[in-house]
Amino acid sequence: MEYCDADGPDKAPQGLGPLYVKAPVMLHSVDAAGRLLAVNDRWLENLGYTRKEVIGRSLGDFLTEASKAEFARNLPIFLREGQVSEFPYTMLSKNGRTIDILLSSVGEYDGEGSFVRSLAAIEDITMRRETEQALAASEELFRMAFESANEGLCILSPEGNFLRVNEAFCEFMGYPAEVLTTMEVLELTHPDDRVSSTRLMARAVSGEAEHFRFEKRYFHASGRVIWGRVSARLVRDAAGAPRYIISHVLDVTESRRNSGQIALHTKTLEVLLRLGRMREAGLSQLGTYALSQAVALTGSADGLIALYEPMRETFRLLAAHPGALSAFGMPPGAQSFDPRRIKLFSAAWLSRQPVMANTPPSAPDAQSLPWRSLVVPVEGEGDNRLLIVVIDKDEPYDEADVHRLILLGEGVLGHVKDRARERDLERARKQAEAASQAKSGFLANMSHEIRTPLSGIIGLTQMTLSQSPRPEVREHLELILDSSRSLLAIVNDILDFSKIEAGKMEFSPVDFDLREILDRTMKPFHFSSRQKGLRLSSRISPGVPEVLHGDPDRIMQVVRNLVGNALKFTDQGEIAVEFRLLRPGDPMLVECAVRDTGIGIPEDRLPELFQVFSQLESSRTKRYGGTGLGLAISRRLVEMMGGTIGVRSRPGQGSIFSFTVSLRPAQEECSDSGGSRSEAPIGGFAGLTVLLAEDNQVNRLFLKHFLSEAGCEVRLAGSGGEALAQLQNGPVDLVLMDIQMPEMDGTEATRRIRDGEVGEANKGLPVVALTAYSMKGDRERFLSAGLDDYVSKPVDVDELFMVMRRVLDRRGRLPAQLIASDSPMDMAYYEERGKSTFAREICRMFLDESPRTEASLATAIRTGDWQRAGEAAHTLLGMSVPLRAGGLVDRVRRLQEACLSGDAAGCREAGRHILDELEKVRAAIRDMLQ
């Protein structure tokens, strides 16, 4: 046998051309013993050998053991038949890699028919085998996944026939697989979903939407309706033709049912909320709404709702559908019924339990009753009861329906109860208003009866004090005045507490000078403090604005309460009042602190301080007086002004009461605070004719005294009728009208003046009320009667003159001497009292003494000696007050405050203003003395 030369790799075997060597497939030739005679290049490349390593060796050496044995069995057959096709073998490459092949071979024989060699071609099918194995594994995996999936899977033909279903889908539908594969999907689809299902499959087949998702209803094998969430995709073959539809079906029946229940619960809550808001609806409207919702929430066709009437022992229909009336044998338009005459109603009424009828009635006389009905009694407080009935539901009634009807019924009964409560409250309110009106009337009368004699006591005392009594008499008079004011404070506390409790406390915010009003407030306490040997001081920190906007009367009322308490409980030491700014801005927060060195308060008693009628000393032998209202009223006032009040105290060491109020900056731009324009002097009413209408002789006496002192010509009247007669006797400039007088009161007299009964010239006459009434509504009543303003009794003379000036100014009747001037002093005060000589004397003294004080002050400011500056300010203050130089007094006081607080910048600024103001005052004095 001739073998191919191994040295020539490109040399073809004998009888074979170069094409053999370079062929793109594996080729070889073997002899009758199976030894390799020749191989081509591709054979060597795929197996990794050289020709020298291959030629002459058996082909079986290059096969796996199994294929080698197979080759040995097949070789004789091949030699005999001379041809084989696609014998599978597995070859081994030089590096040990297995290659799956298909061997096709033909034999070559000589002329005598002896086998010469074979010509064989090898097809490498390794990749094909791997692909087939992977496909087989994939198909097995798909089968296992398809069959064992927990959710329903099915394969449909494009026409909708079941081709294959898994076990989960069979359980979902209730049919075995062999039955389902004989059916169409539309056979199991709910009629209401067949159109949408067919449309989606058609769109998939047409290529419009090959993947679709939707939820649909199926009929279970048991006949019940089930819900499935379908996710399907169309699969096409290689040619693009529709092959089948793979569907994933998830059982959402329970989810659908839960969603329906949730939606129903939500709807129930919405209904109950709306029912709760129907506060103004009548019973008929409530019944109509409740019945409509009872029918809707239970899925019923008809119903009725009725309210029990205990007096008649019947039910009054609030709303009813004709179908329900007919079903229970009641005529159309029925208004009421006896529940004992209707079997279902009677059963529910007597047992007080819901009655459900979910089966057809069997009694011959009950053929007209609905097949399904639900009667629910609902009980409220007392005899409040409802009966709610619904009928003709497609499905049986259940406990959820009962619960919904009970909730609706309770909502209606709640309104019934509220209406009864409202009627009771309205009766109680009217009774309370009547009692409040009676109390207000009593307080008003009490106020009048107490204030009127107090006004006389205080007025006469002030009048006597103004007449320069002997020192021992003055002391007694001051004690009388102090006691009277204490009694007045008690009356005011009672009235204020009544106003607060009734919600009628009024606030009157205005622009006010805190320093001025604090000086006026503290003035009455100086006598009491001197009597007890106490130091009483007040201070306003520089940061507090000069002019604020708020209710100064209420703020100072709290200050008076706290200072009065401090005086009461302090026997030695001092009492200090200080205002400071806690928070600037709009609004700002201002704090007032009242510090004393009194007996102090035990810590465990502090919470009782601000309680109504609470006193730390409550025994019969108590040393300190009081009503226990002052601090309680103060707390309420402070809270109403946007602040808080509190106390810190140590027994035996004293207490610090502090409160805050919310105030705003001045609402109107103020003129120079230095006082270049001073207010007209209190009492400067020379030449003014005043008609005083007052029935109380004591009040007439002291009011006439002070009016005369102020330069007024005073005419007297004891009643409203006398006042009208006086006005007809001659003109007057202003009327002071007491409100409560015999025969004709002040308001009636004022109406007649405004109506022109005493002449057209007097219709616009200024009229000021003098009244002991101080309850809410009194001011409005006085003003509506035509009064210009009013002054409360006991009359404060300074307040009276201030109101007179304001009213005259408003009416355009202000005397020329009252119009403010640019003078830094008020010498008119002395001139009107015939004391011009005295005024000139104190002016000359000021010219002589002020330069030395001015020089001392200037040196102290220049050297920063604030103690010396304070001493100079004290001296200058004593010299300025008699001059009635308001601007200078104000600036000196500011310097004193700055010196006390150690405010160097404030001292320098106040000092510069004082020096400027001093020059103005001296210039005015020189002009006057010329």
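Let me begin by describing the structure that accompanies this report. The shown structure was predicted, so the numbers you read here are calculated from the model rather than taken from an experiment.

**Examining the overall build of the chain**
Then, number 1: The number of helices and strands found in the chain is 29 helices and 28 strands.
Then, number 2: Across the 930 residues in the chain, those meeting the buried criterion constitute 44%.
Then, number 3: The long-range share in the chain, meaning contacts at least 24 apart out of those at least 6 apart in sequence, stands at 59%.
Then, number 4: For the chain, the exposed surface amounts to about 47500 Å²; the carbon and sulfur share of it is 51%.

**Focus on the packing of helix α16 (residues 514–522) against helix α18 (residues 552–568)**
Then, number 1: Contact pair α16 / α18: the axes reach a minimum separation of 10 Å and the direction vectors enclose 40 degrees. It follows that α16 is oblique to α18 by the angle criterion. Crossing of α16 over α18 shows right-handed handedness. Residue-level inspection shows L514, I517, L518, T521 and M522 of α16 in contact with α18, the latter providing P552, M556, V559, R560 and V563.

**Some thoughts on the sheet that holds strand β9 (residues 225–236)**
Then, number 1: Ordered in space as β7-β6-β10-β9-β8, the five strands form an open sheet in which the pairing is antiparallel. Every other strand in the sheet has two partners, leaving β7 (162–165) and β8 (211–219) as the edge strands with one partner each. On average, each strand axis in the sheet is tilted by 30 degrees relative to the strand beside it, whichever way the strands run.
Then, number 2: Across nine bridges, β8 lies against β9 in antiparallel orientation. From the neighbouring strand, F219 faces β9, where its bridge partner is V225.

**Examining the environment of M744**
Then, number 1: If you trace the backbone, M744 turns up in the loop between β26 (734–738) and α22 (746–754).
Then, number 2: In the structure, M744 is positioned 24 residues away from G720 in sequence and 4.8 Å away in space, judged by C-alpha atoms.

**A few points about the pairing of strand β12 (residues 314–320)**
Then, number 1: Summarising burial for β12: five of the seven residues are buried, a large majority.
Then, number 2: Bridge count for β12 against strand β13 (residues 336–337) is two bridges, and the pairing is antiparallel. Each bridged residue has a counterpart across the sheet, and for F315 the counterpart in β13 is F337.

**Notes on the nonpolar core**
Then, number 1: Counting residues in each nonpolar core, the largest one holds 41 residues, and the members touching the most others are L514, I555, V563, F579 and F659.
Then, number 2: At the level of elements, α16, β18 (535–540), α18, β20 (574–583), β21 (588–596), α19 (630–640), β22 (645–650) and β23 (654–665) are the ones that each hand at least two residues to this core.
Then, number 3: Tallying contributions element by element places α18 first for this core, with eight residues.
Then, number 4: When near neighbours in sequence (up to four residues on either side) are disregarded, V563 contacts M522, F525, L536, V577 and V594.

**Re the pattern of salt bridges**
Then, number 1: Evaluated as defined, the whole model comprises 35 salt bridges.
Then, number 2: Linked by salt bridges that have partners in common, E748, R751, R752 and E757 make up one network.

**Considering the environment of L514**
Then, number 1: With respect to the element layout, L514 can be found in helix α16.
Then, number 2: For L514 and V547, which are 33 residues apart along the polypeptide, the C-alpha to C-alpha distance reads 6.5 Å.
Then, number 3: Contact partners of L514, with chain neighbours within four places excluded, come to I540, V544, E546, L548, M556 and F579.

**Brief notes about a negative patch on the surface**
Then, number 1: Together, D392, D394, E395, D398 and E399 line one region of the surface with negative charge.
Then, number 2: Assignment of secondary structure puts E395 in the loop between β16 (385–391) and α14 (399–465).
Then, number 3: We classify E395 as exposed; its relative accessible area is 55%.

**Quick word on unusual backbone geometry**
Most of the time, phi is negative for any residue but glycine, and the peptide bond is trans.
Then, number 1: In this structure, P587 follows D586 across a cis peptide bond, with omega equal to 5 degrees.
Then, number 2: Structurally, the position occupied by P587 is in the loop between β20 and β21.
Then, number 3: Backbone geometry at E313 places phi at a positive 55 degrees, although glycine is not the residue there.
Then, number 4: In this structure, E313 sits in the loop between β11 (302–309) and β12.
Then, number 5: The exposure class assigned to E313 is partly exposed, which follows from its relative accessible area of 43%.

Analysis parameters
- Residues numbered from 1 in each chain as written.
- Predicted model: local features only at pLDDT ≥ 70, side-chain atom pairs only at ≥ 80, totals over all residues.
- Heavy atoms only, no water.
- Helix = DSSP H or I, 4+ residues; strand = E, 2+ residues; numbered from the N terminus.
- Buried < 20%, exposed > 50% of the residue type's maximum accessible area, 1.4 Å probe, protein only.
- Contact = heavy atoms within 4.5 Å.
- Areas by Shrake-Rupley, 256 points an atom, 1.4 Å probe, with all protein chains shown as cover.
- Axes fitted to C-alpha atoms, helices over the stretch in contact; angles between N-to-C directions.
- Parallel < 35°, antiparallel > 145°, perpendicular 65-115°, else oblique.
- Left-handed = near helix turned anticlockwise from the far one by under 90°.
- Pairing = 2+ DSSP bridges.
- Core = buried A, V, L, I, M, F, W, Y, C linked by side-chain atoms within 4.5 Å.
- Salt bridge = Lys/Arg side-chain N within 4 Å of Asp/Glu carboxyl O.
- Patch = residues over 30% accessible without salt bridge, like charges linked within 9 Å, V, L, I, M, F, W, Y side chains within 5 Å.
- Lys, Arg positive; Asp, Glu negative; His and termini not counted.
- Charge placed at Lys NZ, Arg CZ, Asp CG, Glu CD.

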